[in-house]
Amino acid sequence: MSTPILSAHSLVKHFNAGGFGAARKVVRAVDDVSFELAPGETLGVVGESGCGKSTTARLLVQLLKPDSGSVRYEGKVVGPELPLKAFRSKVQMVFQDSFASLNPRMTMIDAVAFGPTVHGVSQSDAIRKAQDLLDRVGLDPARFGGRYAHELSGGQRQRVNIARALAFDPQVIVLDEAVSALDKSVEAQVLNLLMDLRRERGLTYVFISHDLNVVRHISDRVMVMYLGEVAEIGPAESLYGAPCHPYTEALLAAMPSLDPDQRTMEAPLAGDPPNPIDPPSGCRFHTRCARAFGPCSTQIPPSYTVGRSHVAACHLNSVKEHVA
Amino acid sequence: MTSGFSQSDMSLIRVRDLSVRFAGTPPVHAVNSVSFDLAPGEVLGILGESGSGKSVTLKTLLRLLPERKATITGTVEIDGQDVLSLTGRGLADHRGGIVSMIFQDPSLALDPVYTIGQQIAESVIRHEGASKQDAMARALEMLELVRIPSAKQRLENYPHEMSGGMRQRAMIALALACRPKLLLADEPTTALDATVQIQILLLLRELQQEMGMGVIFVTHDIGVAVEVSDRLAVMYAGSFVETGSVKDVIRDARHPYSKGLLAANLVGAVPGTRLDAVPGAPPPLNALPEGCAFAPRCAVAEDLCLVSPVPLWSDGENRWARCVHAKREAARKDRMGAGN
């Protein structure tokens, strides 16, 4: 891989969940997560609630400070080597809740123009640019520019949020469940917009979603997270075609089939995901894994390379390697 | 299987020309002349986006809408009973006895200050006049039926002591405690994680077959609808626009909106390619256009589409679509079939 545009190095983030002294509880939201993003690629991130997807996103754009580990942009450590202000204009984020992410007292044109004016762009230039961007995301600036957030539908608001993210001409956009709250027909429109923008501007996306269909559609590579750790990461095609972690297999098997003749007959996993406050020892998935064996409950599985830029953290792969 | 419109004495549900208006200026037309039948033991999936009237239709069957605000017209018969004329005790017997409902958010549907066991027992005592002891025994039986591990201890749990998937199971146990003939499910798996969602779907499917009850399953997720339904109805702007067996609707959708919905669910899409997205957004329900409500977003709309009523195409059995083009296309196919 060429120099990664953005990379995460052993990110760790724990949250306090109450209690003092020995009884202190800690949510291990993100534990030792590392990955790299090549320029122009889209990395899909999937996992169930509480797996650390959103915390990873927030660490990545520096909305949260990691307990340890670092984020690098084009090889430079953000903070010491690259000032935050410069970083922010390169890496932007779009959130799930389109309404909560817009200031209710700002018109849409002001919302899009606000960021650049803070960064020193003149008011008139920023407004002109905002008009172009609204137009680009499919909202007529004359009609929608003067409206407030509550006067738009969910799909329209999410378009404004995308326009706002684009106002800095960023290289990377982190999309945290950005289309999940939208109705299906509107979701398809916004996905099309995202794919068009990616092609036009050579954007790099981190696309976080719980919808495996959508992630497969838009992503070049996919990262599967489980209880704050990376279970598997690899090219979308090989990860969906030949998953190398039992959790990835289970997630894929849990997708509704869409074929009336091939309905799902058996649930791949029993029970709910465990609480990230007190994750299981060894491989965190071993309590729900049908194929757990000797080392799973005690040893943390290392990352096994199972294919071209395809890595899975599962002890079963060591067995496979020995057999081969 | 019953047809969309055929008269059948066997129907569990018979809905004709059901319309629901909510007071306002102008009034909101939430449901517009919906008609359907449901056979005993049949599962109907209602598919639609937010604001399409799916939940309002369900709530009408249980008479859960606020009486002062909602004007309901048409007929609704469930198990031979005229639901719209029910009052007092009759209505109370209907709710939970004949028809039960499960919701998207079990933490709102369950009472936080009573244990799961108490809540299930209460419903059994009310509907079947059972003793407290018998009712508790039934509650335990129900928790075992929905496969809650260590059910005996769980009887004593309050809703907040359970995980999301477990609460959903408890709500299903509560809904089924009095062996209803009809279960209404309003997006019961939408808030759940993928691996838990499939567990609940399979559980519902199994219980439905075991108990032989009719189910109406409302969802916006085509995949979920396919997993549980025998028949599908696609809803748009308060109307049913297409119904048919799951296979027919998924493989050979006739209404342009159904087709758009399938494309948006990435059915058969090649990764990375642009999607065949339906433009625009649904019309506001207090200002529905004349004619077909989907016409303003439809790629093949024409002048004929702007005239009410929209013609109905039906294959004479249990498959129909309300669209000018569906009717024409079917006629063309018939001609071609005759030519061969």
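Here the structure is a predicted model, which is why all the values come from computation and not from measurement.

1. Some remarks on the overall build of chain B
Right, so step 1: Counting its regular elements, chain B contains 12 helices and 12 strands.
Right, so step 2: In summary, chain B has a C-alpha radius of gyration of 21 Å against a globular reference of 20 Å for 340 residues, a match within 12%.
Right, so step 3: For chain B, the spread of C-alpha atoms along the three principal axes comes to 70 × 50 × 45 Å.
Right, so step 4: Burial statistics for chain B: of 340 residues in total, 54% are counted as buried.
Right, so step 5: Long-range pairs, those at least 24 residues apart, make up 64% of the contacts in chain B with a sequence separation of at least 6.

2. Overview of the pairing of strand 1 (residues 6-16) of chain A
Right, so step 1: With 5 bridges connecting them, strand 1 of chain A and strand 4 (residues 68-73) of chain A associate as antiparallel partners. The partner of A8(A) across the bridge, within strand 4 of chain A, is V71(A).

3. Describing the interface of chain B and chain A
Right, so step 1: Listed as interface residues are 45 residues of chain B and, on the opposing side, 36 residues of chain A.
Right, so step 2: Carbon and sulfur atoms supply 54% of the area that chain B and chain A bury against each other, a total of about 3400 Å² over both sides.
Right, so step 3: Counting across the chain B and chain A interface gives 4 salt bridges.
Right, so step 4: The salt bridge partner of D261(A) is R251(B), with a shortest N-O separation of 3.0 Å.
Right, so step 5: Seen at the junction of chain B and chain A, the total is 26 residue pairs in polar contact (both at pLDDT 80 or more).
Right, so step 6: Elements represented by at least two residues in the side of chain B that touches chain A include exactly helix 7 (164-176), helix 8 (194-211), helix 9 (222-228), helix 10 (246-251) and helix 11 (256-264) of chain B.
Right, so step 7: The leading source of residues in the side of chain B that touches chain A is helix 8 of chain B, at 8 residues.
Right, so step 8: In terms of residue class, the side of chain B that touches chain A is built from 22 nonpolar, 14 polar and 9 charged.

4. Focus on the nonpolar core
Nonpolar side chains in soluble globular proteins tend to end up buried together.
Right, so step 1: Core analysis: the largest hydrophobic core is formed by 63 residues, its most contacted members being I162(A), L194(A) and F207(A).
Right, so step 2: Residues contacting I162(A), with those up to four places away along its chain left out, are V94(A), V137(A), V190(A), L193(A), L194(A) and L197(A).
Right, so step 3: The next biggest cluster of nonpolar side chains, apart from the first, holds 44 residues, and it includes L145(B), L176(B), L207(B) and V228(B).

5. Topic: the sheet that holds strand 10 (residues 239-245) of chain B
Residue and element names in this part refer to chain B.
Right, so step 1: Taken in spatial order, the 8 strands of this open sheet run 6-7-8-3-9-10-12-11, and their pairing is mixed. Each end of this open sheet is capped by a strand with a single partner; those strands are strand 6 (99-102) and strand 11 (312-314). Each adjacent strand pair in this sheet contributes to an overall mean axis angle of 15 degrees, direction not counted.
Right, so step 2: Examined bridge by bridge, strand 11 and strand 12 (residues 320-322) share 3 bridges and lie antiparallel to one another. Within the sheet, the bridge partner assigned to L312 lies in strand 12 and is R322.
Right, so step 3: Here helix 2 (residues 88-98) sits on the sheet and contacts strand 6 and strand 7 (182-186); the angle it forms with strand 6, its principal contact strand, is near 60 degrees.

6. Thoughts on the state of the cysteines
Right, so step 1: Scanning the entire structure with this criterion turns up 0 disulfides over all chains.
Right, so step 2: As a non-bridged cysteine, C244(A) has C314(A) as the owner of its nearest cysteine sulfur, 8.8 Å distant.
Right, so step 3: Left without a disulfide partner, C292(B) is nearest to the cysteine sulfur of C305(B), which lies 6.1 Å away.

7. Remarks on the packing of aromatic side chains
Right, so step 1: Under the defined criterion, the tally for this structure stands at 8 aromatic pairs over all chains.
Right, so step 2: With a centroid separation of 5.5 Å and an interplanar angle of 20 degrees, the aromatic rings of F36(B) and F240(B) are classed as stacked. Highlighted residues: F36(B) in strand 2 (residues 28-38) and F240(B) in strand 10, separated in sequence by 204 residues. Each of the two residues, F36(B) as well as F240(B), counts as buried.
Right, so step 3: Between Y236(B) and Y257(B), the ring centres sit 4.5 Å apart and the planes meet at 50 degrees, which makes this aromatic pair tilted. Of this pair, Y236(B) sits in strand 9 (residues 231-236) while Y257(B) sits in helix 11, placing them 21 residues apart in sequence. Pair check on accessibility: Y236(B) and Y257(B) agree, each one buried.
Right, so step 4: Taken together, Y226(A), Y247(A) and F285(A) form an aromatic cluster joined through their ring pairs.

8. Description of the UniProt feature "domain: ABC transporter" (unreviewed entry) in chain A
Right, so step 1: UniProt tags residues 6-252 of chain A as "domain: ABC transporter" (unreviewed entry).
Right, so step 2: Secondary structure across residues 6-252 of chain A comprises 38% helix and 26% strand; the distance between its end C-alpha atoms is 28 Å.

9. Notes on the sheet that holds strand 5 (residues 81-82) of chain B
All names here are of chain B.
Right, so step 1: Spatially, 2-1-4-5 is the arrangement adopted by the 4 strands of the open sheet, whose pairing is antiparallel. Strand pairing shows two members of the sheet lacking a second neighbour, strand 2 and strand 5, which therefore form its edges.
Right, so step 2: Sheet analysis places strand 4 (residues 70-78) next to strand 5, joined by 2 bridges and oriented antiparallel. By the bridge assignment, E77 is partnered in strand 5 with D82.
Right, so step 3: Its contacts with the sheet place helix 1 (residues 54-62) against strand 1 (13-22), strand 2 and strand 4, and it is angled at close to 115 degrees to strand 1.

10. Looking at the pairing of strand 6 of chain B
Along any regular strand the residues' side chains alternate between the sheet's two faces.
Residue and element names in this part refer to chain B.
Right, so step 1: Both faces of strand 6 are covered, namely the face carrying V99 and M101 and the face carrying S100 and I102.
Right, so step 2: The sheet contact formed by strand 6 and strand 7 spans 4 bridges and is parallel. From the neighbouring strand, I102 faces strand 7, where its bridge partner is A185.

11. Examining the UniProt feature "domain: ABC transporter" (unreviewed entry) in chain B
Right, so step 1: As recorded in UniProt, the sites labelled "domain: ABC transporter" (unreviewed entry) are residues 13-262 of chain B.
Right, so step 2: When the span residues 13-262 of chain B is considered, its composition is 42% helix and 26% strand, and the gap between its end C-alpha atoms is 28 Å.

12. Section: the environment of A312(A)
Residue and element names in this part refer to chain A.
Right, so step 1: Tracing the backbone through its elements, the reader meets A312 in strand 12 (residues 310-312).
Right, so step 2: Sequence spacing of A312 and L239 is 73 residues, and the spatial spacing of their C-alpha atoms is 9.7 Å.
Right, so step 3: In this view, A312 contacts A231, E232, C244, P302, S303, Y304, V306 and N317; residues no more than four positions away in its chain are not counted.

13. As for the side chain of R159(A)
Right, so step 1: In this structure, R159(A) sits in helix 6 (residues 154-166).
Right, so step 2: Look at R159(A): it is buried, it has no salt bridge, and the nearest opposite charge is D196(A) at 8.5 Å.

14. Looking at the pattern of salt bridges
Right, so step 1: Following the criterion strictly, the structure yields 31 salt bridges over all chains and no others.
Right, so step 2: Note that D169(A) and K129(A) form a salt bridge whose closest N and O atoms lie 2.5 Å from each other. Linking D169(A) in the loop between helix 6 and strand 7 (172-176) with K129(A) in helix 4 (residues 123-136), this pair joins segments that are 40 residues apart in sequence.
Right, so step 3: For D169(A), a relative accessible area of 38% puts it in the partly exposed group.
Right, so step 4: Measuring nitrogen to oxygen at the nearest pair gives 2.9 Å for the salt bridge that ties R251(B) to D259(A). A residue pair is termed interchain when its members come from two chains, as with R251(B) in helix 10 and D259(A) in the loop between helix 10 (246-253) and strand 11 (304-307).
Right, so step 5: On the basis of relative accessible area, R251(B) is assigned to the partly exposed category, the value being 49%.

15. Observations regarding the environment of M101(B)
Residues and elements named next belong to chain B.
Right, so step 1: Here M101 is to be found in strand 6.
Right, so step 2: Sequence separation of M101 and L306 is 205 residues, and the distance between their C-alpha atoms is 37 Å.
Right, so step 3: Contact partners of M101, with chain neighbours within four places excluded, come to L58, K59, L62, L64, A175, L183, L184 and D186.

Criteria and thresholds
- Residues numbered from 1 in each chain as written.
- Chains lettered and ligands numbered in written order.
- Predicted model: local features only at pLDDT ≥ 70, side-chain atom pairs only at ≥ 80, totals over all residues.
- Heavy atoms only, no water.
- Helix = DSSP H or I, 4+ residues; strand = E, 2+ residues; numbered from the N terminus.
- Rg over C-alpha atoms; globule rule 2.2 N^0.38 Å.
- Buried < 20%, exposed > 50% of the residue type's maximum accessible area, 1.4 Å probe, protein only.
- Contact = heavy atoms within 4.5 Å.
- Pairing = 2+ DSSP bridges.
- Buried area = accessible area lost by both parts, 1.4 Å probe.
- Salt bridge = Lys/Arg side-chain N within 4 Å of Asp/Glu carboxyl O.
- Polar contact = N/O pair within 3.5 Å; in protein donor to acceptor, adjacent residues only side chain to side chain.
- Nonpolar A, V, L, I, M, F, W, Y, C, P; charged D, E, K, R; others polar.
- Core = buried A, V, L, I, M, F, W, Y, C linked by side-chain atoms within 4.5 Å.
- Axes fitted to C-alpha atoms, helices over the stretch in contact; angles between N-to-C directions.
- Disulfide = S-S within 2.5 Å.
- Phe/Tyr/Trp six-rings, centres within 6.5 Å; stacked < 30°, edge-to-face > 60°.
- UniProt positions renumbered as here; feature names shortened; annotations may be inferred.
- Lys, Arg positive; Asp, Glu negative; His and termini not counted.

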